[in-house]
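Residues per chain, in single letters:
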Amino acid sequence: MSALPICDRQVGGTSGFYGRTGELRRVLNCIQRGQSVALMGGPQVGKTSFLQELRQNQYDLFTPLYQGIKTVPVIVDLSLLGGRAALLPSLIWDALSAALLDTHARGGAGAVELKKPDFRRAGQHGWQELETSLAKTWAGLRGTEAWGHFALMFDGSEVFAKAECMEALEPLFKLLKQSEDWAPVSLVFSGDREFREFILDSKMPELKKLQQQCLGALKEDEAAMMVREMLPEANA
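Residues numbered from 1 in each chain as written. Predicted model: local features only at pLDDT ≥ 70, side-chain atom pairs only at ≥ 80, totals over all residues. Heavy atoms only, no water.

Participant: I would appreciate a short explanation of the environment of R193 in the present structure.
Facilitator: The topology assignment puts R193 in helix α9 (residues 193-201). Separated by 153 residues in the primary sequence, R193 and M40 place their C-alpha atoms 7.1 Å from one another. (Helix = DSSP H or I, 4+ residues; strand = E, 2+ residues; numbered from the N terminus.)

Participant: Whenever I open this one, the sheet that holds strand β4 (residues 186-191) confuses me. Can you help?
Facilitator: Across a sheet, paired strands are connected by hydrogen bonds in the backbone, their directions being either parallel or antiparallel. One open sheet holds the five strands; their spatial order is β2-β3-β4-β1-β5, and the pairing between them is parallel. A strand with exactly one partner marks an edge of an open sheet, and here the two such strands are β2 (71-77) and β5 (211-215). The sheet shows a mean angle of 20° between the axes of neighbouring strands, taken without regard to direction. Bridging between strand β3 (residues 149-155) and β4 involves five bridges; their strand directions are parallel. Note that in β4 the partner of F154 across the bridge is F189. Packing against the sheet, helix α2 (residues 47-59) makes contact with β1 (37-41), β2, β3, β4 and β5, and its axis sits at approximately 155° to β2. Taken strand by strand, helix α3 (residues 88-101) contacts β2 and β3, and its axis lies near 135° from that of β2. (Pairing = 2+ DSSP bridges. Axes fitted to C-alpha atoms, helices over the stretch in contact; angles between N-to-C directions. Contact = heavy atoms within 4.5 Å.)

Participant: Any chance you could explain empty space enclosed by the protein here in plain terms?
Facilitator: Vacant regions in the atomic arrangement are exposed by a probe of water-molecule size rolled over the atoms. Counted by the stated rule, this structure contains one cavity of 30 Å³ or more. By volume, the largest cavity amounts to about 90 Å³. Mapped onto the lining of the largest cavity, the elements with two or more residues apiece are α3, α4 (103-106) and β3. Split into classes, the residues belonging to the lining of the largest cavity amount to nine nonpolar, two polar and two charged. (1 Å grid on protein atoms, 1.4 Å probe; cavity = no way out; pocket = protein on both sides within 12 Å on 5 of 7 lines; lining within 4 Å. Points joined across faces, edges and corners; volume = space filled by probe spheres on them. Nonpolar A, V, L, I, M, F, W, Y, C, P; charged D, E, K, R; others polar.)

Participant: Would you mind showing me how to read the pairing of β2 here?
Facilitator: Judged by how many residues are buried, β2 sits mostly within the fold: six of seven residues are covered. Relative to β3, β2 runs parallel, the two sharing seven bridges. Paired with I75 across the two strands is M153, which belongs to β3. (Buried < 20%, exposed > 50% of the residue type's maximum accessible area, 1.4 Å probe, protein only.)

Printed below as a string of structure tokens:
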């Protein structure tokens, strides 16, 4: 018998998201401590919705009155890679740009001017082009309300287990290790069983250091809450 999805659509960041309070808190705590995470679960268990909910929870904090240092969660959809590891720097830039242009992420700050790097011209030097562009962008953000840190959250990380995309991990972790405010403070890899087995078999020390968080079925009280909200007649 095949397992049924918890929900037939993505509900992260909406009123249709239920539960996962403990998991959200643990992953957010890891991000705030600068630790990277492997978020693993079966197909359609809600990994994408989880990332969306985590992002929305942070966005809700970023009001004009927010006094802390912002850490903006940036979701990178790896299904857009199409098996081409060289596209990852461009994909990261697009996702980060969308976050910086989002008024919720800016917390009331004024508009941000961004110039997209020419990754096609950069060719094999795409990662270097990304770092240069990040440094220039953050130089312009310093001293403004739009400045902050960011965490990269990769949805569909099982693609890194493929030979054609595995090579992207080394420059990605190199980017993480940069001691600059324009570098990510944390990486969150969301993937399935294939990614979990890839981590277990890998000899890359950075993967071994990932804090692992599993997403399974909703807890009994979380499932009951969802039923009560979605089916009011169940309370009768």
